[in-house]
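# A closer look at the structure
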Amino acid sequence: MQESHIPAETDVEAIVPGLLAWYEREARALPWRAPPRAKQDAYKVWLSEIMLQQTTVKAVAPRYIDFLRRWPDVNALARAELGEVLAAWAGLGYYARARNLHACAQEVAGALDGTFPDTEAGLRKLPGIGAYTAAAIAAIAFGRRATPVDGNIERVVARLFAVETPLPAAKGEIKALAESLTPETRAGDFAQSLMDLGATICTPRRPACGLCPARPECRGFAQGIAEQLPYKEEKAPRPTRRGVAFVVRRADGAVLLRERHPKGMLGGMLEVPATSWDSKEWEQALSGTEAVARSAPVEAAWQEVLGRVEHTFTHFHLELSVCYAEVPKKAVPKETAEPARCRWLMIEELPRAALPTVMRKVLAHALEAKRPSRLKTQAAKRRASPAPRSANRRSA
Ligand code: SF4
């Protein structure tokens, strides 16, 4: 028999007005937000939702303000060069989002005359807009009854209904439960109330149930399992890939960079020329002077920089060894480095360049390590013990 303090069912009717009233009082002031009960411009909702995928509110806020200042509407963004957009996006990670952002702006500004579709189905036809983003725009910008479900909302709903099926198998069940909560009117405010509850009170660890407007109806709280929910199936550990990056500095101070191929990971961004990241090439490149010479983008006296650069992407962990060289001003990239994609950039230009975080780490690691004690020749390296790992570790 169920204990008397555990609600037999989650009372949907009671949750919605309580959360809407709480949202009116406590809504977070965010740069992309309209006040409760007001609809927001679709461009602002779209831009912020794309930026917020896999990225924190704190990291996004200043970048969103900068984007909006440079490109105040979808037509302005469509007119921008892709390289400018990628450069403005640098550091936010997941660069396919920036490419899709630009492609989507061009489609809306062109074929759709500058107006976003006002339905989930219409929005989902646009580049880079998936189920979550379409529902968020439809609800927040157009007042449609739509249910965006991201990680925060997934957690809140799993707890409210005490869903014990582990993720990802529980996704469908949680989505259906979230839809059962969504009101006919003010779906945008309701979605944002769940986002705010997940971000500020129903947090992954130590949820502040004492402050929660939904506590009387929360089955996870009543059953004493809220903090453990949602359960998750164990993930396979991330594999580690390795490579060697070559930082070369010309006599006038310029650094050699290369544009990555437009399709694929970090597509269209700039990179420090490097070996591939998933082959034995890196071992060969570090195994002796000749192998370095073969893999390097320019003929030079290469030295290995002590330590490694580490970076974690969604699906793998990357360890890069770094070689450094200085060359005369007339140096040119070798054919194997694909000179058409190479360019020399002055150090002062690097902050505005479309460089992903991992490449900024590589450059910082090499340029800061110019002290002779942190460089070793290939001959010295062969005598030395394995290089210590850099402490320079951060998530994507
Ligand atoms: Fe989350 Fe606790 Fe509120 Fe339930 S009562 S929704 S677990 S904060």
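The following paragraphs examine the structure supplied in this document.

Cut-offs applied
Residues numbered from 1 in each chain as written. Predicted model: local features only at pLDDT ≥ 70, side-chain atom pairs only at ≥ 80, totals over all residues. Heavy atoms only, no water. Buried < 20%, exposed > 50% of the residue type's maximum accessible area, 1.4 Å probe, protein only. Helix = DSSP H or I, 4+ residues; strand = E, 2+ residues; numbered from the N terminus. Pairing = 2+ DSSP bridges. 1 Å grid on protein atoms, 1.4 Å probe; cavity = no way out; pocket = protein on both sides within 12 Å on 5 of 7 lines; lining within 4 Å. Points joined across faces, edges and corners; volume = space filled by probe spheres on them. Nonpolar A, V, L, I, M, F, W, Y, C, P; charged D, E, K, R; others polar. Salt bridge = Lys/Arg side-chain N within 4 Å of Asp/Glu carboxyl O.

Buried residues dominate strand β5 (residues 317-327), accounting for 10 of its 11 residues. Pairing of strand β1 (residues 240-250) with β5, which is carried by 11 bridges, proceeds in the parallel orientation. Note on β5: the bridge partner recorded for arginine 241 is leucine 318. Strand direction decides the pairing type here: strand β4 (residues 303-312) and β5, joined by 7 bridges, are antiparallel. Looking at the pairing, valine 309 lines up with leucine 320 of β5. If you look at the hairpin formed by β4 and β5, you'll find 4 residues sitting between the two strands.

Inspection of the entire model under this criterion finds 2 cavities of 30 Å³ or more. Among the elements that make up the lining of the largest cavity, the one with the highest residue count is helix α9 (residues 151-160) (3 residues). Tallied by class, residues from the lining of the largest cavity come to 13 nonpolar, no polar and 2 charged. As a volume, the second largest cavity reaches approximately 50 Å³. Lining of the second largest cavity is provided by Ala146, Thr147, Pro148, Ala178, Thr182, Ala187, Phe190, Ala191 and Leu194. The element best represented in the lining of the second largest cavity is helix α11 (residues 187-200), accounting for 4 residues.

Look at the link from leucine 167 to proline 168: it is a cis peptide, with omega at 5°. Following the sequence through the fold, proline 168 ends up in the loop between α9 and α10 (171-181). For the bond from leucine 229 to proline 230, the omega torsion is -5°, close enough to zero to count as cis. Within the element layout of this structure, proline 230 appears in the loop between α12 (219-222) and β1. One non-glycine residue with positive phi stands out, namely glutamine 54, at about 65°. Look at glutamine 54 and you get exposed, because its relative accessible area is 61%.

Quick look at the pattern of salt bridges now. Scanning the entire structure with this criterion turns up 17 salt bridges. The partner of arginine 242 in a salt bridge is glutamate 319, and the shortest N-O contact between them spans 3.3 Å. Of this pair, arginine 242 sits in strand β1 while glutamate 319 sits in strand β5, and the two are 77 residues apart along the sequence. Look at arginine 242 and you get partly exposed, because its relative accessible area is 26%. A salt bridge links glutamate 338 to arginine 341, with the nearest nitrogen and oxygen atoms 2.9 Å apart. When salt bridges with common partners are traced through the structure, they connect Glu24, Arg37, Arg186 and Asp189 into a single cluster.

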